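Results of the structural survey
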Amino acid sequence: MSQTNTSQTAFPPIAFIGGGNMASAIMGGLIRQCVPASNITVIEPFEAARTALKTNFGIDALPAATDALQNAQLVVWAVKPQSFKEAAAPVAAYTRHALHLSVAAGITTDSVAGWTGTGRIVRAMPNTPALVGKGMTGLFARPEVDAAGKALIEALIGSTGEFTWVDKEEHLDAVTALSGSGPAYVFLFLEAMTQAGVDMGLSEAQSYKLAVATFAGGSDLAARSSESAEVLRQRVTSKGGTTYAAITHMQEQKLPEHFIEAMRKAEKRAKELAEEFGK
């Protein structure tokens, strides 16, 4: 079930390993909930990213792990999959007592447990609309995570949008394919719709505005409706009409089948990342 969390939560000291876009999205949500910057420790090796964190959030990020991490009760791993193991080595000695949240694509909780020395791990698959508070995140918790730990994660992720828990960790690969990579699919369709509008005589600005508003409105209508996407599509598709001409062409070209197969490719790649970088 998809959920959001809007309740006020007293957050314990939090450490972020990595201060890039996804970490910044979560930090922004925390700051909006009046969590003081002094309650957040960030390890970020790149100077430009540290400068951005100072400018945007007033956070003095550290270039490398120090004993300052000992205060953290929650550690958020926001590093690239290929960098996780290396990043964990100097951090683990300070954070074995903490609850850990990983947003690294493809890296299993078994790998994270081996690198951090604890099984108190939640693995998340967020997406980039979290940057504007409209994210969708899939969550999986190991058995070592208690109800209080899950509630803390829900409050944290709820500050960036919606979330849903999965019972099996392997289902996060499907979440990755569907919503994790999903914004890129939307942007690809926006590109195509914008170009089509230009080809038909509209300006690029007009076409892009129409396309973006159509995606936003369609998504909002689907979210508010009790009817399925199939029924909603059929209501717009009068036989012999303009929409019918477009939808029929897409179906003849097997666009839905190709789209499903593309997402299976994304799922397969998520599994491969675990094999490549999780050892």
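Not measured: the values here are computed from a predicted model. (Residues numbered from 1 in each chain as written. Predicted model: local features only at pLDDT ≥ 70, side-chain atom pairs only at ≥ 80, totals over all residues. Heavy atoms only, no water.)

Regarding helix α6 (residues 171-180)
Taken residue by residue, α6 has L172, D173, V175, T176, A177 and S179 as its buried positions. Packing partners of the buried residues in α6 comprise β6 (121-125), β7 (135-141), α7 (182-199) and α11 (255-277). (Buried < 20%, exposed > 50% of the residue type's maximum accessible area, 1.4 Å probe, protein only. Helix = DSSP H or I, 4+ residues; strand = E, 2+ residues; numbered from the N terminus. Contact = heavy atoms within 4.5 Å.)

Section: the UniProt feature "domain: Pyrroline-5-carboxylate reductase catalytic N-terminal" (unreviewed entry) in the protein
Following the UniProt record, one finds the feature "domain: Pyrroline-5-carboxylate reductase catalytic N-terminal" (unreviewed entry) at residues 14-106. Across residues 14-106 one finds 38% helix and 17% strand; the C-alpha atoms that close the span lie 23 Å apart. (UniProt positions renumbered as here; feature names shortened; annotations may be inferred.)

What to know about unusual backbone geometry
Although it is not a glycine, C34 adopts a positive phi angle of roughly 70 degrees. Mapped onto the fold, C34 is located in the loop between α1 (21-32) and β3 (40-43). Since its relative accessible area comes to 69%, C34 is described here as exposed. The backbone phi angle of K254 is positive, close to 60 degrees, even though this residue is not glycine.

Quick word on the domain arrangement of the protein
For the protein, the domain assignment lists domain 1 (14-172) and domain 2 (181-275). Between domain 1 and domain 2, the C-alpha centre-to-centre distance is 32 Å. Contact residues are listed per partner, giving eight residues for domain 1 and five residues for domain 2. Counting the surface lost from both domain 1 and domain 2, the interface buries some 450 Å², and carbon and sulfur atoms represent 65% of this. Inspection of the domain 1/domain 2 interface yields zero salt bridges. Across the contact surface, domain 1 and domain 2 share one residue pair in polar contact (both at pLDDT 80 or more). Grouping the constituent residues of the side of domain 1 that touches domain 2 by class yields three nonpolar, four polar and one charged. (Domains from an automatic or database assignment. Buried area = accessible area lost by both parts, 1.4 Å probe. Salt bridge = Lys/Arg side-chain N within 4 Å of Asp/Glu carboxyl O. Polar contact = N/O pair within 3.5 Å; in protein donor to acceptor, adjacent residues only side chain to side chain. Nonpolar A, V, L, I, M, F, W, Y, C, P; charged D, E, K, R; others polar.)

So, the environment of A78
Considering the arrangement of structural elements, one finds A78 in the loop between β4 (74-77) and α3 (84-95). Separated by 66 residues in sequence, A78 and P12 place their C-alpha atoms 18 Å apart. Among all residues touching A78, those that are not within four sequence positions of it are I17, G18, A23 and V103.

A few points about the UniProt feature "domain: Pyrroline-5-carboxylate reductase dimerisation" (unreviewed entry) in the protein
Summarizing the sequence annotation, UniProt attributes the feature "domain: Pyrroline-5-carboxylate reductase dimerisation" (unreviewed entry) to residues 169-273 in the numbering used throughout. Secondary structure content for residues 169-273 is 83% helix and 0% strand, while the C-alpha to C-alpha distance between its ends is 14 Å.

Looking at the nonpolar core
One finds F16, M27, L30, L74, L101 and L156 to be the most contacted residues of the largest nonpolar core, which totals 34 residues. By residue number, the principal contributor to this core is α1, which donates six residues. Those residues in contact with L74 that lie beyond four places of it in its chain are P13, I14, A15, A98, L99, L101, L152, I153 and L156. By size, the runner-up hydrophobic cluster in this structure holds 18 residues, among which are I43, V75, A98 and A104. (Core = buried A, V, L, I, M, F, W, Y, C linked by side-chain atoms within 4.5 Å.)

Let's talk about the layout of surface pockets
Counted as a void, the largest pocket has a volume near 2,500 Å³. If you list the elements that add at least two residues to the lining of the largest pocket, you get β7, β8 (161-165), α6, α7, α8 (204-224), α9 (229-236), α10 (242-252) and α11. In terms of residues, the lining of the largest pocket owes the most to one element, α8, which gives eleven residues. In terms of residue class, the lining of the largest pocket is made up of 29 nonpolar, 14 polar and five charged. Taken together, domain 1 (14-172) and domain 2 (181-275) each give at least three residues to the lining of the largest pocket, which thus spans both. Reported here for the second largest pocket is a volume of approximately 950 Å³. For the second largest pocket, the lining is made up of 35 residues, of which G20, A78, V79, K80 and P81 are closest to its centre. (1 Å grid on protein atoms, 1.4 Å probe; cavity = no way out; pocket = protein on both sides within 12 Å on 5 of 7 lines; lining within 4 Å. Points joined across faces, edges and corners; volume = space filled by probe spheres on them.)

Quick notes on the packing of α6 against α7
In the contact formed by α6 and α7, the axes pass within 5 Å of each other and the chain directions differ by 30 degrees. On the basis of the axis angle, α6 is roughly parallel to α7. Taken together, the residues of α7 that come into contact with α6 (itself represented by A177, L178, S179 and G180) are G182, P183 and Y185. Classifying every residue of the contact of α6 with α7 gives four nonpolar, three polar and no charged. (Axes fitted to C-alpha atoms, helices over the stretch in contact; angles between N-to-C directions. Parallel < 35°, antiparallel > 145°, perpendicular 65-115°, else oblique.)

Focus on the pairing of β6
The element β6 is extensively covered by neighbouring structure, given that five of its five residues are classed as buried. In β6, alternate side chains face the same way, and those of I121, R123 and M125 on one face and V122 and A124 on the other are all buried. Tracing the backbone out of strand β5 (residues 99-102), into helix α4 (residues 109-116) and back to the parallel element β6 gives a crossover that is right-handed. Inspection of the sheet shows β6 paired to β7 by four bridges, in the antiparallel sense. Across the sheet, R123 pairs through a bridge with F140, a residue of β7. (Right-handed = clockwise from strand over helix to strand, strands pointing away. Pairing = 2+ DSSP bridges.)

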